[in-house]
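Coordinate analysis (summary)
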Amino acid sequence: MAAYKRILLKLSGEALMGDDAYGINRATIVRIVREVQEVTQLGTELAIVIGGGNIFRGVAGGSVGMDRATADYMGMLATVMNALALADTMRQEGITARVMSAIGIEQVVEPYVRPKALQYLEEGKVVIFAAGTGNPFFTTDTAAALRGAEIGAQIVLKATKVDGVYSADPNKDPSAVRYKHITFDEAIIKNLQVLDATAFALCRDQKLPIRVFSIFKPGALKRVVEGEDEGTLVHV
């Protein structure tokens, strides 16, 4: 049984790479979509913010010395590509998804309009938010916090490579311990990099909890949505 009626899932572009150096790994995106399908079958309304690092990484070398705003717009376009791939994979798996972009490219995807997004969610469709906030200098983490607050999500789920927030980097420090839950203030004092500072502050101000978990752990997403002790809960 689902513990949440509506959630915002933040997926990094890197999550789609699998073991590849960049791009989209077919087997990985299918696996992620099937995990999403398990959540939708619980009756939870799901929105997704997708990053673009897997695609932008491939052209990042060419962006050296580039104007920051221009590079950020390139990154936004990369997220649109990922969103299209995600939506098409969902279609093949029998899930109805809608991609909404924060920058106008109406020939490809529809623009982000909040009432329309809410309507799609209420209809049981998965909404994929692309192009970040539509503004340079803001990360897709901030887009996740912003869209989560706008759609009235009960929680932001941050899908990462590690299964929660640790006292130190678990890959470098074997004595690092995972926090089951931690407050926003504690995370700031301990300088734990849960989300970037802008996104973190927005979630804290809106009293929007964050659950950090591993998207690479089979069944973790479903367990999170069912309210089980998976990953780390960051709360007020």
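In what follows, the accompanying structure is described. Computed from a predicted model, the values in this text were never measured in an experiment. (Residues numbered from 1 in each chain as written. Predicted model: local features only at pLDDT ≥ 70, side-chain atom pairs only at ≥ 80, totals over all residues. Heavy atoms only, no water.)

Focus on helix 7 (residues 197-205)
When we look at burial in helix 7, the residues that qualify are A199, F200 and C203. Buried residues in helix 7, looked at end-on, bunch into an arc of 100°, giving them a common side. Along helix 7, the residues that are exposed and aim more than 90 degrees away from the buried face are A197 and D205. Those residues of helix 7 that are buried are in contact with helix 5 (140-150), strand 6 (155-160), helix 6 (184-189), strand 8 (210-214) and strand 9 (232-235). Positive phi appears at K207, one or two residues downstream of helix 7, with a value of about 55°. (Buried < 20%, exposed > 50% of the residue type's maximum accessible area, 1.4 Å probe, protein only. Helix = DSSP H or I, 4+ residues; strand = E, 2+ residues; numbered from the N terminus. Arc of directions from axis to C-beta. Contact = heavy atoms within 4.5 Å.)

Some remarks on the layout of surface pockets
Roughly 520 Å³ of internal volume is contained in the largest pocket. Along the walls of the largest pocket sit 21 residues, with K158, T160, V162, Q193 and V194 positioned nearest its centre. Here the element with the most residues in the lining of the largest pocket is strand 6; it accounts for three residues. Taken together, the residues of the lining of the largest pocket sort by class into nine nonpolar, six polar and six charged. Lining the second largest pocket are 21 residues, and of these D72, G75, F138, T139 and T140 lie nearest its centre. Of all elements in the fold, only helix 2 (53-56) and helix 3 (68-92) reach the threshold of two or more residues within the lining of the second largest pocket. Considering each element in turn, the lining of the second largest pocket owes the most residues, six residues, to helix 3. The residue makeup of the lining of the second largest pocket, split by class, is five nonpolar, twelve polar and four charged. (1 Å grid on protein atoms, 1.4 Å probe; cavity = no way out; pocket = protein on both sides within 12 Å on 5 of 7 lines; lining within 4 Å. Points joined across faces, edges and corners; volume = space filled by probe spheres on them. Nonpolar A, V, L, I, M, F, W, Y, C, P; charged D, E, K, R; others polar.)

A short note on the packing of aromatic side chains
A complete count under the given rule lists two aromatic pairs for this structure. Relative to F129, the ring of Y112 has its centre 5.3 Å away and its plane inclined at 90°; by these criteria the two rings are edge-to-face. Here Y112, found in the loop between strand 4 (110-111) and helix 4 (114-122), pairs with F129, found in strand 5 (residues 126-130); they are 17 residues apart in sequence, far enough to count as distant. Residue classification places Y112 among the buried positions, given a relative accessible area of 17%. A relative accessible area of 2% places F129 in the buried class. (Phe/Tyr/Trp six-rings, centres within 6.5 Å; stacked < 30°, edge-to-face > 60°.)

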